[in-house]
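Structural features, examined
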Amino acid sequence: MAADPSPTSSLRPGTIAVTAGRPDREPDAPLNTPITMAATYVAGGEVEYGRYGNPTWTALEDALGALEGGRCLTFASGLAAVATVLDLVGKEGRVVVPKHAYTGTIMQLADLESRGRLTAEMVDITDTDAVVKACDGAALVWLESPTNPALEIADIPTITAAAHEAGAYVVVDNTFATPLLQRPLEDDVDLVVHSATKYLAGHSDVQMGAIVTRDDELWTVLKGRRDLVGAIPGPFEAWLTLRGLRTLHLRVERSQANAQELVRRLGEHPALSEVRYPGFGGIVSIVLAQGEMAADLLSRKTRVWVHATSLGGVESSLERRRRWKAEAATIPDGLVRLSVGIEDVEDLWEDLRAALDGCVG
Ligand SMILES: *Cc1c(COP(=O)(O)O)cnc(C)c1O
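Residues numbered from 1 in each chain as written. Predicted model: local features only at pLDDT ≥ 70, side-chain atom pairs only at ≥ 80, totals over all residues. Heavy atoms only, no water.

This structure, assessed with the given rule, holds 20 salt bridges. Note that Asp-227 is salt-bridged to Lys-223, the shortest N-O span being 2.9 Å. Linking Asp-227 with Lys-223, this pair stays in helix α8 (residues 216-229), spanning 4 residues, or about one helical turn. What makes Asp-227 buried here is its relative accessible area of 16%. For Lys-223, a relative accessible area of 11% puts it in the buried group. Among the ionic pairs, Arg-322 bridges to Asp-333, the shortest N-O distance being 3.5 Å. Linking Arg-322 in the loop between β11 (317-320) and β12 (335-339) with Asp-333 in the loop between β11 and β12, this pair joins segments that are 11 residues apart in sequence. Residue Arg-322 is classed as partly exposed on the basis of its relative accessible area of 25%. Each of Glu-319, Arg-321, Arg-323, Glu-327 and Arg-337 takes part in salt bridges that share partners, so that together they form one network. (Salt bridge = Lys/Arg side-chain N within 4 Å of Asp/Glu carboxyl O. Helix = DSSP H or I, 4+ residues; strand = E, 2+ residues; numbered from the N terminus. Buried < 20%, exposed > 50% of the residue type's maximum accessible area, 1.4 Å probe, protein only.)

Rendered as structure tokens:
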């Protein structure tokens, strides 16, 4: 039922994004997998019930699995996928996690910790020696690279080797990089997690999550959890995400090119004290020299850029992250996260520069 990545593995990622997860080529077969609305199936087959499987999920799982190089399971949201992975941790197990991981992930860990389910050890993910030390005795090492919104980078191969030495599983939240810019399973990482809500679906109209692994036993355990808990995607959402995935390479290329050009120009702007960019991807974090009020002013002043949370859509958006109470106190008050979309970069620049000009001292 799940994808065997081998038939497509000789193809390049852009071709996989377009070709994987299609119906067999037979006369009059549709080119696209239809949306199957089904809560139950005629008895005697492999699926039986809507919570256990759906052909539209399978098409998306085949495509995303082929892109990451593993077997995929889709979920109702990114956080449903995160919760399913954290559920692998045994009672009182220890989880190593970047202190600047996505706030929802941090909040889930804090909730589980407060109920005595596990302990979470926050680390500076750029301090590889400290992370390697923290792996000792851990059950799970959670990586997010780049982190959201600090844009720090983890040394994934070194940390993964140390975690495996210590007998811990390693998971990478690959939402920011996408499988086009980073394939953690090739570095021996056990699990990749996605908020498909972001780049994979790409149009700010779907909430979905995914887990990808090469480990058949882990896949079976996670599938069992999804069957039982029911954090399943809707067939229409799966179809929309697969439709979005068909242009993932074009969108990521354009967002990244726009982001790189904006970073070049932003470096000079007197309203900014810092521009953070890891060198790849479409997310840029800028820090307003005048702090919180200037950042809020910027968010209100743009006309092309939309003031909204979330990221990875075709449209450019921005927000001051500390407007959320749950955001880490170590993220600067005046940090604005830019999700660079696929518009014409000159319009993005003119709009942003005009707004920034109004935020100088
Ligand atoms: C948004 C996000 C999530 C959560 O995904 P949802 O689809 O909103 O549940 C997890 N990780 C990262 C890095 C994210 O940006």
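After presenting the structure, the write-up continues.
With 7 of its 9 residues buried, helix α3 (residues 78-86) lies for the most part within the structure. Those residues of α3 not exposed but buried are Gly-78, Ala-80, Ala-81, Val-82, Thr-84, Val-85 and Leu-86.

Look at the UniProt record and you will see "modified residue: N6-(pyridoxal phosphate)lysine" (unreviewed entry) annotated at Lys-198. A relative accessible area of 10% places Lys-198 in the buried class. Setting aside residues up to four positions removed in sequence, Lys-198 forms contacts with Thr-175, Ser-310, Leu-311 and Gly-312. (UniProt positions renumbered as here; feature names shortened; annotations may be inferred. Contact = heavy atoms within 4.5 Å.)

To continue, consider the domain arrangement of the protein chain. Looking at the protein chain, the domain boundaries give domain 1 (13-245) and domain 2 (248-357). Placing a centre on the C-alpha atoms of domain 1 and another on those of domain 2 gives a separation of 26 Å. Taken together, the contacts link 28 residues of domain 1 with 29 residues of domain 2. A buried area of about 2,400 Å², summed over both sides, lies between domain 1 and domain 2, and 68% of it is on carbon and sulfur atoms. By the criterion of area lost to domain 2, the three top residues of domain 1 are Pro-149, Leu-151 and Tyr-199, representing 28% of everything that side buries. The tally of links between domain 1 and domain 2 comes to 10 residue pairs in polar contact (both at pLDDT 80 or more). For the side of domain 1 that touches domain 2, the secondary-structure elements that each account for two or more residues are α1 (13-19), α4 (103-114), α7 (178-181) and α9 (235-245). Grouping the amino acids of the side of domain 1 that touches domain 2 by side-chain chemistry returns 17 nonpolar, 9 polar and 2 charged. (Domains from an automatic or database assignment. Buried area = accessible area lost by both parts, 1.4 Å probe. Polar contact = N/O pair within 3.5 Å; in protein donor to acceptor, adjacent residues only side chain to side chain. Nonpolar A, V, L, I, M, F, W, Y, C, P; charged D, E, K, R; others polar.)

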